[in-house]
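Given next are the chains, with one letter for each unit.
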Amino acid sequence: MIHSLFLVNSSGDIFLEKHWKSVVSRSVCDYFFEAQERASEPENVPPVIPTPHHYLISVLRHRIYFVAVIQSEVPPLFVIEFLHRVVDTFQDYFGVCTEAAIKDNVVVVYELLEEMLDNGFPLATESNILKELIKPPTILRTVVNTITGSTNVGEQLPTGQLSVVPWRRTGVKYTNNEAYFDVVEEIDGTHTFDPVTKLLSWDVGKINPQKLPSLKGSMSLQAGASKPDENPTINIQFKIQQSALSGLKVNRLDMYGEKYKPFKGIKYMTKAGKFQVRT
């Protein structure tokens, strides 16, 4: 599925690459750089870029572009979710996911990527399993590995691989048999435009569940400006406390793989966030 992965910094330099099925030339990223030049903001680079022989699927996290090279059609969200999981794993291992942290732990990075993907397909992506396969780097472990020539790779099969729940180890006991699931919504919107800062603020006030607020507007180009080649991306951000605007509800919640009868609860919240709607 995924042939190669390129990490591109904010300066447009490829500082790390990893290949699984076959080596793909760095020149394939030229299509990504062209799209990056056309984007008005770094986050406006199209997440999926078709090329004559490949597809480039990318995410931007911590000012680093994670660009995956695909040779056949696959669900883009599947690849995007995997790339986000890679970033979360690096952050879990190194504390931060920056160019410097990745370069300082480049051996561990390659070991993680080798375990997370097998012949181009996701294999081990859960943190508890990876930490048993690849030991997190520490100063003492780094010194010992330098002296003895050993690596961070574990010698035993992770216990999480034997569990019916992949993110939890086998034989775990809990005092309270409870399971909570959070339904988090992230939405965006605005009102009151400031032509200097280009900021549009929207004060919703008290929300009536029977009549939800709405926002409508129009965009006009400056006089003499040429028409853009494609629809521009408009970033809108707002925050609404203690409300689930979508009306999304959980009708049924089942748990499998456990012999006890757990207490199940659902909590709703709407969280401020940032979205891009592309048409």
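The protein chain carries the name Adaptor related protein complex 3 subunit mu 2 in an unreviewed UniProt entry, which gives Salmo trutta as its organism. Looking at the protein chain in UniProt, the text filed under Sequence similarities (unreviewed entry) is "Belongs to the adaptor complexes medium subunit family."

1. Concerning the pairing of strand E1 (residues 2–8)
Along E1, seven of the seven residues are buried, which leaves the element largely enclosed by surrounding structure. As paired elements, E1 and strand E2 (residues 14–19) share five bridges and run antiparallel to each other. Among the inter-strand pairings, leucine 7 is bridged to a residue of E2, identified as leucine 16. The turn joining E1 and E2, which pair antiparallel and follow one another in sequence, is formed by five residues; a positive phi near 85 degrees is taken by glycine 12.

2. Overview of helix H2 (residues 76–94)
Its 19 residues give H2 an end-to-end C-alpha distance of 27 Å, which sits within 8% of 27 Å, the value for a rise of 1.5 Å per residue. Taken together, the buried positions of H2 are Val79, Ile80, Phe82, Leu83, Val86, Val87, Thr89, Phe90, Tyr93 and Phe94. Following H2 by one or two positions, glycine 95 adopts a phi angle in the positive range, close to 85 degrees.

3. Quick notes on the packing of aromatic side chains
Each aromatic ring pair is summarised here by two numbers: the centre-to-centre distance and the angle between the ring planes. On inspection of all chains with the given rule, the structure shows five aromatic pairs. Each ring, one from phenylalanine 66 and one from phenylalanine 90, has its centre 6.5 Å from the other, and the planes form 45 degrees; the classification is tilted. Within this pair, whereas phenylalanine 66 is found in strand E5 (residues 64–70), its partner phenylalanine 90 is found in helix H2, the two being separated by 24 residues in sequence. Both residues of the pair, phenylalanine 66 and phenylalanine 90, belong to the buried class. Arranged with centres 6.3 Å apart and planes meeting at 65 degrees, the rings of tyrosine 93 and phenylalanine 94 form a pair that is edge-to-face. Considered together, tyrosine 93 and phenylalanine 94 belong to a single accessibility category, that of buried residues.

4. Some remarks on the nonpolar core
Formed by 36 residues in total, the largest nonpolar core has its most connected members in Ile2, Phe66, Phe90 and Ile102. Those elements giving two or more residues to this core turn out to be E1, E2, strand E4 (55–61), E5, H2, helix H3 (99–104), helix H4 (106–116) and helix H5 (127–133). A total of nine residues in this core trace back to one element, the largest contributor, which is H2. In this view, isoleucine 102 contacts Leu7, Phe15, Leu16, Ile64, Phe90, Cys97 and Val109; residues no more than four positions away in its chain are not counted. Grouped together as the second largest cluster of nonpolar side chains are 15 residues, Ile14, Ala39, Ile49 and Tyr65 included.

5. Section: a nonpolar patch on the surface
A grouping of Val106, Val107 and Tyr110 is seen on the molecular surface, where their side chains present a nonpolar patch of about 230 Å² in accessible area. Relative to the elements of secondary structure, valine 107 occurs in helix H4. In this structure valine 107 comes out as exposed when scored by relative accessible area, which is 56%.

6. Looking at helix H1 (residues 30–38)
When we look at burial in H1, the residues that qualify are Phe32, Ala35 and Gln36. Seen along its axis, H1 keeps its buried residues to an arc of 105 degrees; they face one direction. Away from its buried face, by an angle of more than 90 degrees, H1 presents the exposed residues Glu37 and Arg38. Considering only its buried residues, H1 is in contact with strand E3 (48–50), E4 and E5.

7. Let's talk about the sheet that holds E1
A sheet is described by the order of its strands in space; here five strands give the open sequence E2-E1-E5-E4-E3, paired in antiparallel fashion. The open sheet has two edge strands, E2 and E3, and neither has a second partner. Averaged over all pairs of adjacent strands, the angle between their axes in this sheet comes to 20 degrees, without regard to strand direction. Sheet topology places E1 next to E5; six bridges connect them, and they run antiparallel. When the bridges of E5 are listed, valine 8 appears paired with tyrosine 65. Across the sheet, H2 is in contact with E1, E3, E4 and E5; its angle to E4 comes to roughly 40 degrees. Along the sheet, H4 makes contact with E1 and E2, crossing E2 at roughly 35 degrees.

Parameters and conventions
- In this numbering scheme, every chain counts its residues from 1 along its sequence in written order.
- Restriction of local features to residues with pLDDT of at least 70 applies here, the model being predicted, together with a cutoff of 80 or more for giving and counting side-chain atom pairs; totals for whole chains, interfaces and linings are based on all residues.
- Remark: hydrogens and water are excluded; side-chain values derive from all non-hydrogen atoms of the structure.
- UniProt positions are given in the numbering used here, feature names are shortened, and annotations may be inferred rather than shown by experiment.
- Throughout, exposure labels follow a simple rule: accessible area from a 1.4 Å probe, protein chains only, divided by the maximum for the residue type, with under 20% read as buried, over 50% as exposed, and the rest as partly exposed.
- Secondary structure is summarised from DSSP: a helix means a run of H or I of at least four residues, a strand means a run of E of at least two, and numbering begins at the N terminus for each.
- DSSP calls a pair of strands paired once it identifies at least 2 bridges connecting them.
- The span one expects for a helix is its residue count, reduced by one, times 1.5 Å.
- Pairing of aromatic side chains requires ring centres within 6.5 Å, counting the rings of Phe and Tyr and the six-membered ring of Trp. Pairs whose planes differ by under 30 degrees are stacked, by over 60 edge-to-face, and all others tilted.
- Only buried Ala, Val, Leu, Ile, Met, Phe, Trp, Tyr and Cys residues count toward a nonpolar core, and they belong to the same one when joined by side-chain atoms within 4.5 Å.
- We call two residues contacting when some pair of their heavy atoms lies within 4.5 Å.
- Patch rule: a residue counts if its relative accessible area is over 30% and it has no salt bridge; like charges are joined within 9 Å, and nonpolar side chains (Val, Leu, Ile, Met, Phe, Trp, Tyr) within 5 Å.
- What sets the accessible areas is the Shrake-Rupley method with a 1.4 Å probe; for residues, cover comes only from the shown protein chains.
- Salt bridge, as used here, is a side-chain nitrogen of Lys or Arg placed within 4 Å of a carboxyl oxygen of Asp or Glu.
- To be clear, the arc concerns the directions from the helix axis to the C-beta atoms.
- Orientation is described by lines fitted to C-alpha atoms, with helices fitted over the stretch in contact, and by angles between N-to-C directions that extend from 0 to 180 degrees.

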